[in-house]
Amino acid sequence: MTATKKAPSRVLSLPAKIYLIFYNATQFLGWSFVLYKMVDFVINQHLEEKSLWEHVKIPLLIFQSGAILEVVHCACGITPSNTIITFAQVYSRVFLIWPILYKVPDSRDQIGFSLLLLAWTVTEVLRYLYYVLNIISFVPGFLLWCRYTLFIILYPAGITGELLCCYRALPHYSKTQEFSTLLPNAWNFTFNFYYYTILVMLAYIPVFPQLYTHMFVQRKKILGNKKHD
Amino acid sequence: MEIGILSTSGGKQLATLTVDPNSTLKELKTQIHRLKSHLYPDRQEFRQEPRGKGLDENKTVAALGLKDHSKLYLKDLGPQIAWKTVFLTEYAGPLFVYAWIYQRPWLFYGEGAANQPMSQVAHIAAYCWVIHYAKRILETLFVHRFSHATMPVRNLFRNCAYYWIFAAYVAYHVNHPLYTAPCQMQSYIALGFWTICELGNFSIHWALRNLRPPGSKERRIPRPTKNPLTLLFNLVSCPNYTYEVGGWIAFTIITQCLPAGLFAFAGFYQMAVWAIGKHRAYKKDFKDYPRGRKAIIPFVF
């Protein structure tokens, strides 16, 4: 879930606009594909021999990783969002898909992953479509409503999913000490990925309420004054 | 004459005060406090525009060009806490946290850790750390003169978290039974440098104290005194920060501990931001401010 982005389409240069339309459209199509794969899995129960993760992992990994570009967009100024906030949001996503979901099989294929996937796909499909249409200043009222209303359920659902997946990955890192550095070493430095994951989970406590209330404020501002198209 | 007081949030009319042209804003604050008991003077800031700069409370109504029926904006700065209280809490924490972890409590290291041998460097590091924070506490009590009496309470939690957590982070590594000390020569030389930096930092604080007459909020250009350690004023606006960063780099070299290096870097970043702000303020307030002085790193920035 990102903070509101209102692309200043009148201020952007034409190449930047074209690039952003291309980027956001690609992400829209990519996430729509992930959504399709997810729905396909649910409907076609004969895919029992494969897990939901196996079914969606390739497009999920590709398109979620692609979001790293959005941090660059902020830093370059072609999108108006705060670079640090965007970095934090993209970081949490990338943290979930690589060291948690990709690395630790135990974190997949439980209710947490399903919640996460549902929340992410619906949110991202709406978000990227909104950006594309916003650049060409043609956002239907219904899309706007969806973007600023569905988060009310999707955001907590997504957070719950993310935390459950992290929690399920903890035993792996506790046992294997992977990505960790222990003493003794020349620089007297330690890094324990197990504790780091716990730290990331704890960080949700102060951050989530702030972002959630921010979305409500945005909702009031944007939906409160809009007339329907 | 009458002055209307408006809130900076929403522009609501809070009060109408009857003042005379020679009243200072400080007196206005006292009046407002009488009307609204929760708004003690330290919590109030007057502005001429809702998002404008805070006004000096020693200025008079006339000096600000206010007339009958003029408006002033009032910002509620939120619950305040005295600077001294903040500093003492911020500095006592790291001192006790480090001293506690120095004992190698089982909570961090498991049973029996306290009985294992400890390198001489770990002892030296503990003394350095404790002396540094004891010095800071003493300076807060006896040396510093604060230009602003209070700060918002929420800063206290944020600042304490930073100091206390970093103290635990550094202490955990240096006092660990598996800590590896660097070669003695390195530690001793760095210790010498550390000592100079601590003395230098104190010298600057002392010089700054004597720059400002007691009870005043006057600001003057700082210059070197008879103490040679204050010669750094010729090169930077904030040599106290320069010495502080130097001290933490020295501590990092004494211990060869990356967490200490991270702490030094974090401190350097914050102090650089403050130094640049102070440097700009000096250049703005004093037309004859010495050119060639940098903010925090001599010859660099």
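Residues numbered from 1 in each chain as written. Chains lettered and ligands numbered in written order. Predicted model: local features only at pLDDT ≥ 70, side-chain atom pairs only at ≥ 80, totals over all residues. Heavy atoms only, no water.

Looking at an unreviewed UniProt entry, one finds chain B named very-long-chain enoyl-CoA reductase, with Daphnia carinata as its source organism. UniProt, in the comment section headed Pathway (unreviewed entry), describes chain B in these words: "Lipid metabolism; fatty acid biosynthesis." The UniProt entry for chain B carries the following comment under Sequence similarities (unreviewed entry): "Belongs to the steroid 5-alpha reductase family." (UniProt positions renumbered as here; feature names shortened; annotations may be inferred.)

### Details of the environment of Leu156(B)
All names here are of chain B. Mapped onto the elements, Leu156 comes out in helix α5 (residues 153–174). A sequence separation of 66 residues divides Leu156 from Glu90, and the C-alpha atoms of the two residues are 7.8 Å apart. In this structure, Leu156 is in contact with Ile81, Val86 and Thr89, ignoring residues within four places of it in sequence. (Helix = DSSP H or I, 4+ residues; strand = E, 2+ residues; numbered from the N terminus. Contact = heavy atoms within 4.5 Å.)

### Notes on the pairing of strand β2 (residues 13–18) of chain B
Residue and element names in this part refer to chain B. With five bridges connecting them, strand β1 (residues 2–7) and β2 associate as antiparallel partners. The residue bridging Ile3 from the neighbouring strand is Leu17, located in β2. If you look at the hairpin formed by β1 and β2, you'll find five residues sitting between the two strands, and Gly10 has a positive phi there, around 100 degrees. (Pairing = 2+ DSSP bridges.)

### A closer look at the pairing of β1(B)
Residues and elements named next belong to chain B. Of all six residues in β1, five are buried, a share of seventy percent or more. Where β1 meets strand β4 (residues 70–76), five bridges bridge the pair, whose relative direction is parallel. Opposite Ile3, over in β4, you have Ser70 as the bridge partner. (Buried < 20%, exposed > 50% of the residue type's maximum accessible area, 1.4 Å probe, protein only.)

### Notes on the side chain of Gln27(A)
Of note, Gln27(A) is situated in helix α1 (residues 14–43). Beyond its immediate chain neighbours, meaning those up to four positions away, Gln27(A) contacts Phe63(A), Gly66(A), Ala67(A), Glu70(A) and Tyr128(A).

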